[in-house]
Amino acid sequence: MARTVKGGTDARRERWKGHREARRAEFVEATIRAVAKHGPDVGMDEIAAEAGVSKPVLYRHFADKSDLYLAVGRRGTEMLMDKMGPAIDLDGPIRPRIQGIVDAYLSVIEEHPNLYRFVVRKSFTDRPVEQDVVNEDKQLIAAALARLLGDYLRAFDMDSGGAEPWAHALVGMVQNAGDWWLDRQSMTRASLSDYLTTIIWHAIDGLLRSAGVALDPEAPLTTEFTDGDRHEGPRLRVVDVEEA
């Protein structure tokens, strides 16, 4: 009777798993290229041709079209956060920081408009999908912004309870404006980014002024405040509203 070496079996299983994951990743990238070429209504024939395989090969790695759609959506999330993550984490003056975040989002949908429409429309799927990729992206970005807004509000001894709904409102505004812009293309990305930044900055400015705080939008800003920083420190300029 042949002996079974458990360690060897596990190693082969892991190699096969790694191979399948690598092939799935290759097919996801091929799908993204096919979407860019053929638009958001791309079909499996175009995807298979782009991947250089037959449709049955694709279906050996994805349960159905909805499974492939979700894999592409997850990859789209990675691409989005690769741009937005550094912009959200970057320190600096508040208005340029806002503009960097907004422009990072717009740059992704500008560079991949068909991929964005493919994910948002969900027309490719052949069954309802339990995972809402678009909503998860919005939740992810809003959560990061809520933490950022909450830090600033608490730094000025203000109620941070509104940070989460404000963050979701801002994300919704930018996304809706981005949808409009992709369809109309009536202005440059830089112009739209500046318009949205102006709205967001004045909303934050108005909120802070209601608590008696006026910020210079071009002054370096940090949430690591000291008592000296609150008045005339090098990283933050706070001006009494009555004097501003």
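In the block above lies the structure referred to throughout.
Residues numbered from 1 in each chain as written. Predicted model: local features only at pLDDT ≥ 70, side-chain atom pairs only at ≥ 80, totals over all residues. Heavy atoms only, no water.

Participant: I'd like to hear about the overall build of the protein, residue by residue, with values.
Facilitator: Assigned secondary structure in the protein consists of 10 helices and two strands. Expressed as a percentage of its 244 residues, the buried residues of the protein come to 43%. (Helix = DSSP H or I, 4+ residues; strand = E, 2+ residues; numbered from the N terminus. Buried < 20%, exposed > 50% of the residue type's maximum accessible area, 1.4 Å probe, protein only.)

Participant: Before we move on, could you go through the nonpolar core and cite the residues and values that matter?
Facilitator: Core analysis: the biggest nonpolar cluster contains 41 residues, and Met-84 and Tyr-105 have the highest contact counts within it. Counting only elements with at least two residues in this core, the list comes to helix H4 (65-89), helix H5 (94-111), helix H7 (133-155), helix H8 (163-184), helix H9 (189-210) and strand E1 (213-215). The residues touching Met-84, leaving out its near neighbours within four places in the chain, are Ile-101, Ala-104, Tyr-105 and Ile-141. Core analysis: the second largest hydrophobic core is formed by 25 residues, Val-28, Ile-47, Ala-48 and Val-129 among them. (Core = buried A, V, L, I, M, F, W, Y, C linked by side-chain atoms within 4.5 Å. Contact = heavy atoms within 4.5 Å.)

Participant: Tell me what's going on with H5, and back it up with residues and numbers.
Facilitator: Two residues of an α-helix separated by three or four positions point the same way, owing to the 3.6 residues in each turn. Over its 18 residues, H5 runs 26 Å from end to end, which matches the ideal 26 Å to within 8%, given 1.5 Å per residue. Among all positions of H5, only Ile-94, Arg-95, Arg-97, Ile-98, Ile-101, Val-102, Ala-104, Tyr-105, Leu-106, Ser-107, Val-108 and Ile-109 are buried. Against H4, helix H6 (113-121), H7, H8 and H9 lie the buried residues of H5. (Expected span 1.5 Å × (residues − 1).)

Participant: Lay out the pattern of salt bridges with the relevant residues and their values.
Facilitator: Within this structure, the stated rule accounts for 16 salt bridges. Ionic pairing is found between Glu-50 and Lys-37, a salt bridge with its closest N-O pair at 2.7 Å. Of this pair, Glu-50 sits in helix H2 (residues 44-51) while Lys-37 is found in helix H1 (residues 6-38), placing the two residues 13 residues apart along the sequence. A relative accessible area of 59% means that Lys-37 is categorised as exposed. When the shortest N-O distance is used, the salt bridge between Glu-78 and Arg-75 registers 3.1 Å. (Salt bridge = Lys/Arg side-chain N within 4 Å of Asp/Glu carboxyl O.)

Participant: Before we move on, could you go through the side chain of Ser-66 and cite the residues and values that matter?
Facilitator: Looking at where Ser-66 falls in the secondary structure, it is placed in helix H4. Residue classification places Ser-66 among the buried positions, given a relative accessible area of 0%. If we ignore the near neighbours within four places in the chain, the residues touching Ser-66 are Thr-125, Asp-126, Arg-127 and Val-129.

Participant: Residues and numbers for the packing of aromatic side chains, please.
Facilitator: Counted under the stated rule, the structure contains two aromatic pairs. Their ring planes at 50 degrees and their centres at 5.9 Å tell us that Tyr-69 and Phe-118 sit as a pair that is tilted. In this pair, Tyr-69 sits in helix H4 while Phe-118 sits in helix H6, placing the two residues 49 residues apart along the sequence. Note on Phe-118: relative accessible area 1%, which makes it buried. When the ring of Phe-118 is compared with that of Phe-124, the centres are 5.2 Å apart and the planes differ by 50 degrees; the resulting orientation is tilted. Counting every residue linked through ring pairs, the aromatic cluster contains Tyr-69, Phe-118 and Phe-124. When the ring centre of Phe-124 is taken as origin, the NZ or CZ atom of Lys-65, which lies over that ring, is 4.8 Å away. (Phe/Tyr/Trp six-rings, centres within 6.5 Å; stacked < 30°, edge-to-face > 60°. Lys NZ or Arg CZ within 6 Å of the ring centre and 35° of its normal.)

Bear in mind that shape data such as this cannot, by itself, settle questions of function.
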